[in-house]
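Examination of the molecular architecture
So you can see what is in the structure, the chains are spelled out below.
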Protein chains: 2
Amino acid sequence: MTADTLTPAARRILDTASELFYHRGIGAVGVDLIAAEAGVTKKTIYDRFGSKERLIVAYLRERDARWRAVVERHLAAAPGHREAVIAVFDALEEWTRSDGERGCALVNAAAELSAPAHPVRALAVEEKQWLLGRFTALREAAGAPDPEGDAVELLLLHEGAAVMHGVGEVHAAIDRARLAARRLVEQG
Amino acid sequence: MTADTLTPAARRILDTASELFYHRGIGAVGVDLIAAEAGVTKKTIYDRFGSKERLIVAYLRERDARWRAVVERHLAAAPGHREAVIAVFDALEEWTRSDGERGCALVNAAAELSAPAHPVRALAVEEKQWLLGRFTALREAAGAPDPEGDAVELLLLHEGAAVMHGVGEVHAAIDRARLAARRLVEQG
DNA sequence: CTGGAAGTATACCGACCTGTATAGCTAGGG
DNA sequence: CCCTAGCTATACAGGTCGGTATACTTCCAG
């Protein structure tokens, strides 16, 4: 990871861009705005990141890494394979509470940048399959008869909860997803 | 509904805009492109729709109406309240097969246009709560002990399936969602 | 037969976009 | 002591954006 080798200005740029991209959308945020908010010159942005697209990728990469770290922490604290599945939904709750009411950044970015060859699509696919793999392994370890089927279902509940949390006005989406997940692991 | 009172050119504009907005994203499609693809002058677009934003709203409204009609058709054909729940997922499968691989247009639009006061957010919320209400009524009619809880869970599966179908690379997401829904209604 | 509605064609506006160029400042290490 | 990395400041290029203005045509209904 190159995250720690960032210069101070680059750090500020990435933090500012993350905030703005996530809450206002990628297309709605220009490079000039990022520069102004970060207290930095546009030249510095282009010196450090090369282009807006690469800044977007850096933003999504870092955010994804932070999200995965939250999940891993919750997984490590779970006493067993069944509890670990539930812990992923605890991680989602913590994540959305601290970080935002706008759903999954990767999904949103993929919605904006629709070109099939765009790098953010690959990032999104990779993250979803990482989580899918996590769920599959946990259900395998728990001796479930259909680990992959369970994993897809858990992923659907997870993504559904993230989306509905993003559009809002549907109460306790994450709670309900966790409840369904608990029922799945307890009587599977 | 004002859909049938559209002039021929307006009809072409709305059809073209729907195609482009859905597959490329709203921000990625300019008014000039819509005009060119529809074989129409920009002036005609502004004469008929007033602004890009109102064209976007018209696009989402009409698409939503078509989607709801598909759902209603599947619901009407279902022999009972439990089968009707499953039928919604059949509707989703038919809908995505005929109309696109890019998930829910309302969710995507809400992801792009993040301003909380933007009209598309209200549209998205309204549609999700319509579907939620449908599910709730069906579970109530089936005598389920927790109709609203069931409805939220079904909505999560539905939205999750739509999203994962959009990012792709997760096989049989809709099939799995329907399977989970069937299990929910058969042993609730 | 005439007037208005629905178009086309073309040109333009100001704002904003990503990205580049030029010049100068500062601090730390060989 | 000077060179380079990292930065600031400012200006600008080239393009696209949503939206408007003007002038002409076509066609149908009162």
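Residues numbered from 1 in each chain as written. Chains lettered and ligands numbered in written order. Predicted model: local features only at pLDDT ≥ 70, side-chain atom pairs only at ≥ 80, totals over all residues. Heavy atoms only, no water.

**Points about the protein's contact with DNA strand D**
- Among the 18 residues in the neighbourhood of DNA strand D, the closest are listed as Thr7 of chain A together with Val31, Lys42, Tyr46 and Lys52 of chain B.
- Each atom of DNA strand D within 4 Å of the protein was classed as base or backbone; sugar and phosphate made up 58%.
- The backbone of Gly39 of chain A places a nitrogen or oxygen atom 3.1 Å from a phosphate oxygen of DNA strand D.
- Contact between DNA strand D and Arg48 of chain A: a phosphate oxygen at 3.0 Å from a side-chain N or O atom of the residue.
- Broken down by secondary-structure element, the contributors of at least two residues to the surface near DNA strand D are α1 (8-24) and α3 (42-49) of chain A together with α3 (42-49) of chain B. (Near = heavy atom within 4 Å. Polar contact = N/O pair within 3.5 Å; in protein donor to acceptor, adjacent residues only side chain to side chain. Helix = DSSP H or I, 4+ residues; strand = E, 2+ residues; numbered from the N terminus.)

**Remarks on the interface of chain A and chain B**
- In this complex, chain A contributes 40 residues to the contact, which on the side of chain B involves 39 residues.
- Roughly 3,200 Å² is buried in total at the junction of chain A and chain B, and carbon and sulfur atoms are behind 63% of that figure.
- Scanning the region where chain A abuts chain B turns up 4 salt bridges.
- Linking Arg176 of chain A and Asp146 of chain B is a salt bridge whose minimum nitrogen-to-oxygen distance equals 2.8 Å.
- Along the contact surface separating chain A from chain B lie 16 residue pairs in polar contact (both at pLDDT 80 or more).
- Taken together, the elements giving at least two residues each to the side of chain A that touches chain B come down to α1, α6 (105-112), α7 (119-141), α8 (147-167) and α9 (173-186) of chain A.
- Looking at which element gives the most residues to the side of chain A that touches chain B, the answer is α8 of chain A, with 14 residues.
- Of the residues in the side of chain A that touches chain B, the class split is 18 nonpolar, 10 polar and 12 charged. (Contact = heavy atoms within 4.5 Å. Buried area = accessible area lost by both parts, 1.4 Å probe. Salt bridge = Lys/Arg side-chain N within 4 Å of Asp/Glu carboxyl O. Nonpolar A, V, L, I, M, F, W, Y, C, P; charged D, E, K, R; others polar.)

**A look at the protein's contact with DNA strand C**
- Within the structure, DNA strand C sits among 19 residues, and Val31, Asp32, Lys42 and Lys52 of chain A together with Thr7 of chain B are positioned closest to it.
- Across the atoms of DNA strand C situated within 4 Å of the protein, the share located in sugar and phosphate is 58%.
- Note that a phosphate oxygen of DNA strand C is positioned 2.8 Å from one of the backbone N or O atoms of Val31 of chain A.
- A distance of 3.2 Å is found between a phosphate oxygen of DNA strand C and a backbone nitrogen or oxygen belonging to Gly39 of chain B.

**Focus: the pattern of salt bridges**
- Considering all chains together, one arrives at 38 salt bridges over all chains under this definition.
- Where Glu62 of chain A meets Arg11 of chain A, a salt bridge forms, and the shortest distance between an N and an O atom there is 2.7 Å. One end of the pair, Glu62 of chain A, is in helix α4 (residues 52-77); the other, Arg11 of chain A, is in helix α1, with 51 residues separating them in the sequence.
- A relative accessible area of 18% means that Glu62 of chain A is categorised as buried.
- Across the salt bridge formed by Lys43 of chain B and Asp47 of chain B, the nearest N and O atoms sit 2.8 Å from each other. Placement of both Lys43 of chain B and Asp47 of chain B in helix α3 is noted, with a separation of 4 residues, approximately one turn of the helix.
- A cluster of three or more residues bridged by salt bridges with shared partners is formed by Asp90, Glu93, Arg97, Asp175 and Arg178 of chain A. (Buried < 20%, exposed > 50% of the residue type's maximum accessible area, 1.4 Å probe, protein only.)

**Examining the side chain of His158 of chain A**
All names here are of chain A.
- Within the fold, His158 resides in helix α8.
- Judged by relative accessible area, His158 falls into the buried class, the value being 3%.
- In contact with His158, not counting residues within four places along its chain, are Trp67, Val88, Phe89, Leu92 and Leu131.

**Remarks on the packing of aromatic side chains**
All names here are of chain A.
- The final tally for this structure, using the stated rule, is 6 aromatic pairs over all chains.
- With a centroid separation of 5.4 Å and an interplanar angle of 50 degrees, the aromatic rings of Phe21 and Tyr59 are classed as tilted. Here the residue Phe21 occupies a position in helix α1, and Tyr59 occupies one in helix α4, the gap between them amounting to 38 residues. As far as the burial class goes, Phe21 and Tyr59 line up, both buried.
- Ring geometry for Trp67 and Trp95: centres 5.8 Å apart, planes at 55 degrees, overall tilted. Residue Trp67 is located in helix α4, and its partner Trp95 is located in helix α5 (residues 81-99); the two are separated by 28 residues in the primary sequence. Neither Trp67 nor Trp95 differs from the other in exposure class; each is buried.
- One residue, Arg63, lies across the ring of Tyr22, its end atom 3.8 Å from the ring centre. (Phe/Tyr/Trp six-rings, centres within 6.5 Å; stacked < 30°, edge-to-face > 60°. Lys NZ or Arg CZ within 6 Å of the ring centre and 35° of its normal.)

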